[in-house]
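Each chain, written out:
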Protein chains: 2
Amino acid sequence: MSALPLSGVKVIDLTRILSGPFCSMILGDLGADVIKIEAPGGDSVRKQGHMVEGLSWYFAGFNRNKRSMELNLRAPEGIAVLEHLLADADILTENFRPGTLEKMGLTEAHLEQINPDLIVVSVNGYGSTGPYADRPAFDFIAQAMSGYMATNGTPETGPLRTAPPITDLVAGLYAALGAVAALRGREQGGPAQRVEASMMMSMMSMLAYLSSNALATGRDPVPTGNDHPIASPYGLFRASDGDIAVAPSTEVIVRRFLAELGLEHLLSDPRFETNALRLNNRVALNALIDAALADGTQDDWIARLNRAGVPCGRVQSLTEALTDPQVAAQDMVLRVPHPGRGSVGMTGFPIKFSQTPLGVRHPTPELGAQGPEILRATGYSEAQIATLIARGVLGNGNEPVG
Amino acid sequence: MSALPLSGVKVIDLTRILSGPFCSMILGDLGADVIKIEAPGGDSVRKQGHMVEGLSWYFAGFNRNKRSMELNLRAPEGIAVLEHLLADADILTENFRPGTLEKMGLTEAHLEQINPDLIVVSVNGYGSTGPYADRPAFDFIAQAMSGYMATNGTPETGPLRTAPPITDLVAGLYAALGAVAALRGREQGGPAQRVEASMMMSMMSMLAYLSSNALATGRDPVPTGNDHPIASPYGLFRASDGDIAVAPSTEVIVRRFLAELGLEHLLSDPRFETNALRLNNRVALNALIDAALADGTQDDWIARLNRAGVPCGRVQSLTEALTDPQVAAQDMVLRVPHPGRGSVGMTGFPIKFSQTPLGVRHPTPELGAQGPEILRATGYSEAQIATLIARGVLGNGNEPVG
């Protein structure tokens, strides 16, 4: 097998919680050597979510393909270790509040001195400039501030938070993309530079035609829940044993959909001849469609309609999705053997590479487990390492630091 | 200014609608030369969404930093032009249904023959292998199938589609990341390879602790709307002139929040001493918080609480978000002068590079406007170009093809 896309890249990772660790995990998944520097006691997510054999599967799902070093960065010796590691790193990732790195002494000038080739990647809430730069960040707030919540929901619910921490994840994904792009630029003769993505701005870039239309008209969209604001038929319809989601995207596909149901004649009914008419008469049309669907099961209709080129599917619960045969075929649920913790479930790799498929090279590390070996490999003597451990600066992977 | 991160990279872009054009726009934003090949009549999104001076701002927002060539790929001469362009390209992007490229004669073997260094990037609905590979894709269906819809909403609404076409966008973003990573790998001596991201699998990777917990327990999450399933206080609270969103992420921050409200004593009230107790007594606690907030405005409380380190903010409508001062400071709304179409509004660049800031180098192209000049630059004679136009294979940027 060929080397992975980011093979040979060294990442020093100061991130914790979610947005930053997602970014650095993606870099690790792509082949980088990611050294996760954890404060004494470790990333707080180690203790969050459902635990199995003492391991948080939530933490595990965001920290595979990393090695862990437990390091006290409040001690000057800890900063010295970090600076030593940064001297030959390619990328530093961090998701502190803007200004925190500088307070640790890692100013732009000092980092440039330590390693002029270092790319510094930051994930934060609002960006490092502007009136909200200093505000503490949290997904729920970024969902609210970005206008996303106001588009999610129904007229009855009003603005609605979405359950996954989507702004953390989208910002982490943009930051990973920025990191790889900056690396490529540097390797082709461009500058080593700072890269930043924020939760609020990342989410604002994901509002697609909602923001285009709002900018063009000055008007806000009305949340429409499962109905499409400008397409009919579209939505959830009722087969004999449950709902199916159907989304005919063009007039041609609307015709195919109705033809499969034996309802093609509706397209010459004055109520339903055009999309605009069908929007006005949505309730009547949907009732006719539901009646036609009642003689077949979800599975029957989903197979038939997909064969006819009509996008449709089941509204799956999360556990249904996780056991879906397509998900299995795409290796999107992994069971990763973890020494002493059993086999850990996590979602897989959404980017598929034909020649260098991604995999779990390191299971999620125990807190500080690789700290001593990492220092050994970068020239620290056994005596130096022992001193750092004895002074409570470095974790040994077994006992708590300090 | 230094060269952009993807400067010198040539992308031949066969994508249309949304997921693929988002991917190729990101590559263009990062500095690649993106040649958008459009079928006669153009990308259907050119006619969707709100039009201003004849231009769809939705289309404009997904196709800046590209040049357009209108080319009939149903004609053998059109395929010959495409093959000529691919011969010295770095990346081919496409979002057809799996197998379509092959039906056009662009099999893996043939592409390898044309250009062994070509990276082929595909965005699709479900992945190119597995039982659903041939199904037509659509965002609503991918939201439904991935389990995402089942986590969005409230117990009253049931599974709820989210308004932005989030699965298109997340898949496009992953595909762009995969493209840049594969390019970097190739430039460092790795293989030119195929890269793929699908809407369903990309969305499945974004469910974070919801999927971790579902895998660990075998149980589905219950949609909780704006309440956090495992944290209290958290959610929307009522200031004198409207709601504020508050998300204290740790016990320390819960204490700061209540202290700012003069309610710190509640933490020694037997109903509210721990997060578990507060979850059980959420209604009572929220009422006490609302009462304390009633003596200040949204703006007052948001400023005060943020200063105290408590993540909070306003639930902004989309037009409020688009005119937010932080959004302005981050240049997240652009007004791009477009010849003959006025100044076009679109969201900006969520990735910030310190040395090579991104910008709009090409406004969204008119259909086919750069086709002739692109061919001229790659060695086609004026006579050859005129013949292609006369035969209805190539658009001239003015009249319809064919």
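Residues numbered from 1 in each chain as written. Chains lettered and ligands numbered in written order. Predicted model: local features only at pLDDT ≥ 70, side-chain atom pairs only at ≥ 80, totals over all residues. Heavy atoms only, no water.

1. Thoughts on the overall build of chain A
Within chain A, the secondary structure is distributed over 18 helices and 14 strands. Taken along the three principal axes of its C-alpha coordinates, chain A extends 85 × 50 × 40 Å. Residue burial in chain A is summarised as follows: out of 402 residues, 60% are buried. Looking at chain A alone, contacts between residues at least 24 apart form 69% of all its contacts between residues at least 6 apart. As displayed, chain A offers around 14,300 Å² of accessible surface, 52% of which is attributable to carbon and sulfur atoms. A gap of 1 Å separates the mean positions of the 32 positive and 42 negative side-chain charges of chain A. (Helix = DSSP H or I, 4+ residues; strand = E, 2+ residues; numbered from the N terminus. Buried < 20%, exposed > 50% of the residue type's maximum accessible area, 1.4 Å probe, protein only. Contact = heavy atoms within 4.5 Å. Areas by Shrake-Rupley, 256 points an atom, 1.4 Å probe, with all protein chains shown as cover. Lys, Arg positive; Asp, Glu negative; His and termini not counted. Charge placed at Lys NZ, Arg CZ, Asp CG, Glu CD.)

2. Focus on the relation of the copies chain B and chain A
Overlay of chain B on chain A (RMSD 0.0 Å): rotation 180°, translation along the axis 0.0 Å. Here the symmetry operator amounts to a two-fold rotation axis. Taking C-alpha positions as reference, the residue of chain B nearest the rotation axis is leucine 177 of chain B, located at 2.5 Å. The share of interface residues of chain B whose copies in chain A are also at the interface is 100%, consistent with both copies meeting through the same surface. (Least-squares fit on C-alpha atoms with pLDDT ≥ 70 in both.)

3. With respect to the sheet that holds strand β9 (residues 235-239) of chain B
All names here are of chain B. The sheet built from three strands is open, its strands ordered β9-β10-β11 with antiparallel pairing. Single-partner strands in this sheet number two, and they are β9 and β11 (312-313). Strands β9 and β10 (242-246) of the sheet are contacted by helix α13 (residues 282-293), whose axis makes an angle of about 40° with β9. Where helix α14 (residues 298-307) meets the sheet, it contacts β9, β10 and β11, and its direction lies at approximately 15° from that of β10. (Pairing = 2+ DSSP bridges. Axes fitted to C-alpha atoms, helices over the stretch in contact; angles between N-to-C directions.)

4. Digging into the packing of aromatic side chains
Counting across every chain of the model gives 14 aromatic pairs over all chains. For the ring pair tyrosine 126 of chain A and tyrosine 132 of chain A, a centre distance of 5.8 Å and an interplane angle of 80° mean the geometry is edge-to-face. Overall, tyrosine 132 of chain A belongs to the buried group, its relative accessible area being 10%. Linked through ring pairs, Phe22, Tyr58 and Phe62 of chain A together with Tyr209 of chain B together constitute an aromatic cluster. Over the ring of tyrosine 132 of chain A we find arginine 135 of chain A; its NZ or CZ atom is 3.9 Å from the centre of that ring. (Phe/Tyr/Trp six-rings, centres within 6.5 Å; stacked < 30°, edge-to-face > 60°. Lys NZ or Arg CZ within 6 Å of the ring centre and 35° of its normal.)

5. Notes on the domain arrangement of chain A
Split into domains, chain A comes out as domain 1 (10-207 + 330-390) and domain 2 (235-319). Using only C-alpha atoms to locate each centre, domain 1 of chain A and domain 2 of chain A end up separated by 44 Å. (Domains from an automatic or database assignment.)

6. A word on the interface of chain B and chain A
Between chain B and chain A, the residue contacts involve 141 residues of the former and 141 residues of the latter. The contact between chain B and chain A buries some 11,600 Å² in all, and 67% of this surface belongs to carbon and sulfur atoms. Looking only at chain B, the three residues that lose the most surface to chain A are Arg184, Leu215 and Leu318 of chain B, adding up to 7% of its buried area. Our count for the contact surface shared by chain B and chain A stands at two salt bridges. Across the pair glutamate 187 of chain A and arginine 184 of chain B runs a salt bridge, and its minimum N-O distance is 2.7 Å. One can count 57 residue pairs in polar contact (both at pLDDT 80 or more) joining chain B with chain A. Looking at the side of chain B that touches chain A element by element, the count peaks at 15 residues for helix α8 (residues 166-187) of chain B. The residue inventory of the side of chain B that touches chain A, partitioned by class, reads 80 nonpolar, 47 polar and 14 charged. Both strand β14 (residues 352-353) of chain A and strand β8 (residues 194-198) of chain B contribute to a ladder of two bridges, which runs antiparallel. (Buried area = accessible area lost by both parts, 1.4 Å probe. Salt bridge = Lys/Arg side-chain N within 4 Å of Asp/Glu carboxyl O. Polar contact = N/O pair within 3.5 Å; in protein donor to acceptor, adjacent residues only side chain to side chain. Nonpolar A, V, L, I, M, F, W, Y, C, P; charged D, E, K, R; others polar.)

7. Structural notes on helix α11 (residues 251-260) of chain B
Residues and elements named next belong to chain B. By the burial criterion, the buried members of α11 are Ile253, Val254, Phe257 and Leu258. Taken end-on, α11 shows its buried residues confined to a sector of 135°, consistent with a single buried face. Tucked into the core, α11 has its buried residues touching β10, α12 (275-280), α13 and α14. Looking one or two residues past α11, glycine 262 carries a phi angle of roughly 70°, positive in sign. (Arc of directions from axis to C-beta.)

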